[in-house]
Amino acid sequence: MPDLSDIRKQRLVYLAGFLYALSLHKYVSRDPLSAQTGIQGVLEFALQGAAFVCTFAASRHARRQFAPSPVLLCFVGFGVFALASSWRSFNPPLSLAKGLLLFIVLGTAYLASQLGLATRLFQSIYWTYTASLAVGLILGVALPSRFPLWSFDDYDGRTRLSVFGTFPGTMGETAAYLILLAPIIFRRSHWISRLFLLAINMVAGGKLSTAVLLLLLAIEYLVNSRTARSWRVVALVSGACLAVCAGLYVTLLRGADFSQSLTRPLDMVYGHDVAAEAVGLDGRLELWRGAVALLIRNPVLGFGFDGARQALTKIAWWSGHSHNGFLEVGLAGGILSGVIFLVGVAGVLRVCLASAPDMRRHTLLAFAYMIIIAFTGITFTFPSYFGLLILTLLYYQSAQSSTTGTGTHLHVEEAALSK
């Protein structure tokens, strides 16, 4: 039975997760090239700073449970290079502030993990973010002029769901992460909340995000189902996955029109020219070529966090970032820092592969989603460095499970607390 000090630590970490989850939303829109951070920037800094303070207070006088991590040192090294590059940013104070936030988020993740309370932190993030989506939907229905729920793109006809001022794609990816992390941080499946988050992901309109999520959930079902040994179940689920993939290929890439009743909802969410966009990766190919050339010209230092916006808008007027997580870390700190960061990511993968079988299955699904999404989005650092927070969770939970031999989420945490 935990003593009062343990209960206090858990409450502080839970509060930290609550505050951090609120920072994942955008509440006020601003010009991305503006020299002013606006109230949104102040709010994000305050929420993430308060989350760190709560975790730091909980960790006072606590005994460290893990040795210094080379993986975390790689992430810190990347942050140092990116912070040192802030002077080359189009907005040095903004990049400097974002660089400091990186260390605040890493510190929060590190301290919570050293306390053995990483799952408590993510449980709080899970429920707070899910509840915030529900609140956002209610506000959108009650006050549509103040909190519009739908964003409409005149160019491609896409109508996507968003709460508060959060970008739809970011909201959908965050929901997908929480769905995949649920088996790691909870004993029970919480399938109602996961279905809700899945619906949010689908109406957010991220084509790749939804397709990858559905595929990984199908894999999770095959792995976890007690009847998965039956060839009939395997054949049924595998056949359904192949049918969905074939249908998406024919409908989206080949332009086939099965029926208006099928394509109309797809056109509304994904746009009326999905085939052309899929071939050109929504216009990202030209942007990536320009970003690579920009990176080659600046090998040692980058532009700081979000510091290359002005240069990227000259390549593609519609985007202030590279739409690629790997390019983005290079643009932030230079090629060397990008390599250091990838070494850290590889270290997370190595530890996940060496963890207990039950833990390994779930961590690899979340890791696979992140790596795939990183090819078309800046998922490592945006929003609020959530990708780095997840990588830290996967690393320490996997490391703990490999040393204790326990593969389940809370059993790992309980084993740590009992030391």
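Values in this document were obtained by computation on a predicted structure and should not be read as measured data. (Residues numbered from 1 in each chain as written. Predicted model: local features only at pLDDT ≥ 70, side-chain atom pairs only at ≥ 80, totals over all residues. Heavy atoms only, no water.)

The next thing to look at is the confidence of the model for the protein. Within the protein, residue pLDDT values average 83, and 78% of them lie at 70 or more. Across residues 272-280, confidence stays below pLDDT 50; counting only partners more than four residues off in sequence or on other chains, it has 15 contacts. Every residue in residues 414-419 scores below 50 in pLDDT, and together they form 11 contacts with partners more than four places removed in sequence or on other chains. (pLDDT = per-residue confidence, 0-100. Contact = heavy atoms within 4.5 Å.)

A few words now on the side chain of Glu173. Considering the arrangement of structural elements, one finds Glu173 in helix H6 (residues 168-185). No salt bridge is formed by the buried Glu173, whose closest oppositely charged neighbour, Arg284, lies at an N-O distance of 6.9 Å. Non-local contacts of Glu173, meaning those with residues more than four positions away in its chain, are made with Asn201, Ser209, Tyr369, Ile373 and Thr379. (Helix = DSSP H or I, 4+ residues; strand = E, 2+ residues; numbered from the N terminus. Buried < 20%, exposed > 50% of the residue type's maximum accessible area, 1.4 Å probe, protein only. Lys, Arg positive; Asp, Glu negative; His and termini not counted. Salt bridge = Lys/Arg side-chain N within 4 Å of Asp/Glu carboxyl O.)

It is worth spelling out empty space enclosed by the protein at this point. Space left empty within the atom packing is revealed by a probe, the size of a water molecule, rolled over the atoms. This structure, assessed with the given rule, holds 6 cavities of 30 Å³ or more. Estimated volume of the largest cavity: approximately 170 Å³. Taken together, 14 residues form the lining of the largest cavity, with Lys98, Asp306, Thr381, Phe382 and Tyr385 sitting closest to its centre. At the level of elements, helix H2 (38-59), helix H4 (92-114) and helix H14 (325-333) are the ones that each hand at least two residues to the lining of the largest cavity. Looking at the lining of the largest cavity, its residues break down into 6 nonpolar, 3 polar and 5 charged. (1 Å grid on protein atoms, 1.4 Å probe; cavity = no way out; pocket = protein on both sides within 12 Å on 5 of 7 lines; lining within 4 Å. Points joined across faces, edges and corners; volume = space filled by probe spheres on them. Nonpolar A, V, L, I, M, F, W, Y, C, P; charged D, E, K, R; others polar.)

Over its 18 residues, H6 runs 25 Å from end to end, which matches the ideal 26 Å to within 8%, given 1.5 Å per residue. Where H6 bends most, at Ile179, the angle is about 30 degrees, and the proline Pro183 comes one to four residues later. Counting buried residues along H6, 18 of its 18 residues qualify, which places the element largely inside the surrounding structure. (Expected span 1.5 Å × (residues − 1). Bend = angle between axes of the 7 residues up to and from the residue.)

Our focus in this paragraph is the packing of aromatic side chains. What the rule picks out here adds up to 20 aromatic pairs. Their ring planes at 55 degrees and their centres at 5.0 Å tell us that Phe326 and Phe375 sit as a pair that is tilted. On the criterion of sequence distance, the pair formed by Phe326 in helix H14 and Phe375 in the loop between helix H16 (357-373) and helix H17 (386-404) is long-range, its members being 49 residues apart. Its relative accessible area of 46% is what places Phe375 among the partly exposed residues. Every member of this aromatic cluster is reached through a ring pair, and the members are Phe75, Phe78, Phe305, Phe326, Phe341, Phe375, Phe380 and Tyr385. Sitting over the ring of Phe303, Arg88 keeps its end group 5.0 Å from the ring centre. (Phe/Tyr/Trp six-rings, centres within 6.5 Å; stacked < 30°, edge-to-face > 60°. Lys NZ or Arg CZ within 6 Å of the ring centre and 35° of its normal.)

Running from amino to carboxyl end, helix H5 (residues 118-142) crosses H6 at an angle of 140 degrees, the nearest separation of the two axes being 10 Å. As summarised for this structure, H5 and H6 are arranged oblique, according to the angle between their axes. As for how H5 packs across H6, the hand of that crossing is left-handed. Across from Thr119, Phe122, Gln123, Ile125, Tyr126, Tyr129 and Leu133 in H5, the residues of H6 making contact are Met171, Thr174, Ala175, Leu178, Leu181, Ala182, Ile184 and Ile185. A per-class count over the contact of H5 with H6 returns 12 nonpolar, 3 polar and no charged. (Axes fitted to C-alpha atoms, helices over the stretch in contact; angles between N-to-C directions. Parallel < 35°, antiparallel > 145°, perpendicular 65-115°, else oblique. Left-handed = near helix turned anticlockwise from the far one by under 90°.)

Residue position: Ala182 is located in helix H6. On a C-alpha basis, the gap between Ala182 and Thr119 in space is 9.8 Å, while along the polypeptide they are 63 residues apart. The residues touching Ala182, leaving out its near neighbours within four places in the chain, are Tyr126 and Arg194.

Next up on the list: the layout of surface pockets. Its volume calculated, the second largest pocket comes out at about 340 Å³. Taken together, 18 residues make up the lining of the second largest pocket; nearest its centre are Pro183, Ser189, Arg194, Leu217 and Glu220. Of all the secondary structure elements, the ones that give two or more residues to the lining of the second largest pocket are H6, helix H7 (191-203), helix H8 (207-224) and H16. Residue composition of the lining of the second largest pocket, grouped by class: 9 nonpolar, 4 polar and 5 charged.

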